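# Observations on the model geometry
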Amino acid sequence: MKKTTMNLADGRELIYYDLDDGTDRRALDQRPLEPVQSRPELRLDRATGDWVAVAPHRQGRIHHPPSDACPLCPSRGGHHSEIPAADYEVAVFENRFPSLARPTGRCEVMCYTPDHHAGFTDLADNRARLVLDAWTDRTDWLSSLPGIEQVYCFENRGAEIGVTLAHPHGQIYAFPFMPPRTAKMVAVADAHRAATGGNLFEDLLAEARAADSRVVMAGRYWTAFVPFAARWPYEVHVYPHRRVLDLTRLSEAERAEFPGMYVELLRRFDRLFHSQGASVPVPTPYISAWHQAPKTGGQELALHLELFTPRRSAGKLKFLAGAESGMESFVNDLVPEAAAQRLREVAS
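Computed from a prediction, not measured in an experiment: that's the story for all the values here.

With that out of the way, let us pick up the overall build of the protein chain. Regarding its fold elements, the protein chain presents 6 helices and 15 strands. In terms of its C-alpha atoms, the protein chain occupies a principal-axis envelope of roughly 55 × 50 × 45 Å. In the protein chain, buried positions account for 51% of the 348 residues. Look at the contacts in the protein chain between residues 6 or more apart in sequence, and 63% of them connect residues 24 or more apart.

Next comes the structure, spelled out in structure tokens:
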């Protein structure tokens, strides 16, 4: 993997990741950009202990531009985008409209294909592996920054999720605090260790593999399964069989197996509703989220990916209404074992 680092016209950092060591990505940003003036503010909700980012500048971010004005496409034919090169494989840059900003955090955008109309499911295994390697590199670099507590790599896909740019991409947040969901998992994992002497995540994986009815797919080094108390209609967790804290700790064998399994899992999500009466194939909206251990207090956690969709059937979405949004008490309309069975049925 070749890594090329440069700066955009406003000073933000841009990093290219390429399979070929001979690739030249030194094109300069031709846009007359002013330096980024955003200063997101972190405020503590004293009633819950949660940190909230206040970022009013995000109201001005680009919202569903036409494809010929996409800021994530390569710069070609007179169109100058966030990516100055005429082509790329994986590109990562600092978000111009961040929820978190230096020196108290960082938000990055990751583009994993130059094709505006493609998606992660269209990536060959070696290109999906390049994305994994880029996630790993960003985790390693961002976690080394002073004040960063946790690195979170994720993808939102689909207008139903709230995506404002159609070009396939993901994001990386470097949090200066432990996010609420991580804090909750840390507390539960620590309590589990105290009560049983075992690791919570190792036990969850063992239970899923033993039950089998919730396993979606399994390889030599990874297993994808629906959790026993899934919150979303279709929710799959992907665990390496060997517990590690973050992406940087994966072995070469684990890295080699993951891309093919992940792409197949995403393709199954896209098949879920196409064969349930949908007249026009529409990619399934989803959130894909890597959970990694924070710097402090997370030694009982385990690296894993959580993939879920708010779509519960063709043409129907699960909305987070009063119970979920107001009280964080989820109600799932689909039995987890039935969701796992459905995801097995739509295998390639």
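Let us keep going from here.
This part covers the packing of aromatic side chains. Aromatic ring pairs are reported here in terms of the distance separating the ring centres and the angle at which the planes meet. On inspection of all chains with the given rule, the structure shows 20 aromatic pairs. Taken together, a centroid distance of 5.3 Å and an interplanar angle of 50° make the contact between Phe175 and Phe177 tilted. You'll find Phe175 and Phe177 in the same group, each marked buried. Both rings, one in Phe225 and one in Tyr239, keep their centres 5.2 Å apart while their planes meet at 50°; by these two values the pair is tilted. Of this pair, Phe225 sits in strand 10 (residues 222-225) while Tyr239 sits in strand 11 (residues 234-240), placing them 14 residues apart in sequence. You can call Phe225 buried: its relative accessible area is 3%.

A few words now on the side chain of Arg25. On the secondary structure map, Arg25 appears in the loop between strand 2 (13-18) and strand 3 (41-45). The buried category is assigned to Arg25, whose relative accessible area is 11%. At 2.7 Å, the side chain of Arg25 forms a polar contact with the side chain of Asp18. If we skip the residues at most four places from it in the chain, Arg25 touches Met6, Tyr16, Asp18, Ala85, Asp87, Tyr88 and Glu89.

Reading the values: rules and limits
- Numbering of residues starts from 1 in each chain and follows the order in which that chain's sequence is written.
- Whole-chain, interface and lining totals are the exception, using all residues; otherwise, since this is a predicted model, local features are given only for residues with pLDDT of at least 70 and side-chain atom pairs are given and counted only at 80 or more.
- Side-chain numbers here rest on the full set of heavy atoms in the structure, without hydrogens or water.
- Comment: elements are numbered from the N terminus, with helices defined as DSSP H or I runs of at least four residues and strands as E runs of at least two.
- Classification of residues uses two cut-offs on accessible area relative to the type maximum, computed with a 1.4 Å probe and protein chains only: under 20% is buried, over 50% is exposed, and between them is partly exposed.
- Here a residue-residue contact requires only that any non-hydrogen atoms of the pair lie within 4.5 Å.
- The rule is short: rings of Phe, Tyr and Trp, with Trp giving its six-membered ring, pair when the centres are within 6.5 Å, and they are stacked under 30 degrees, edge-to-face over 60, tilted in between.
- Two N or O atoms form a polar contact when they lie within 3.5 Å of each other; inside protein one atom must be a possible hydrogen donor and the other a possible acceptor, and for residues adjacent in sequence the pair counts only when both atoms belong to side chains.

Read these as spatial facts, not as claims about activity.
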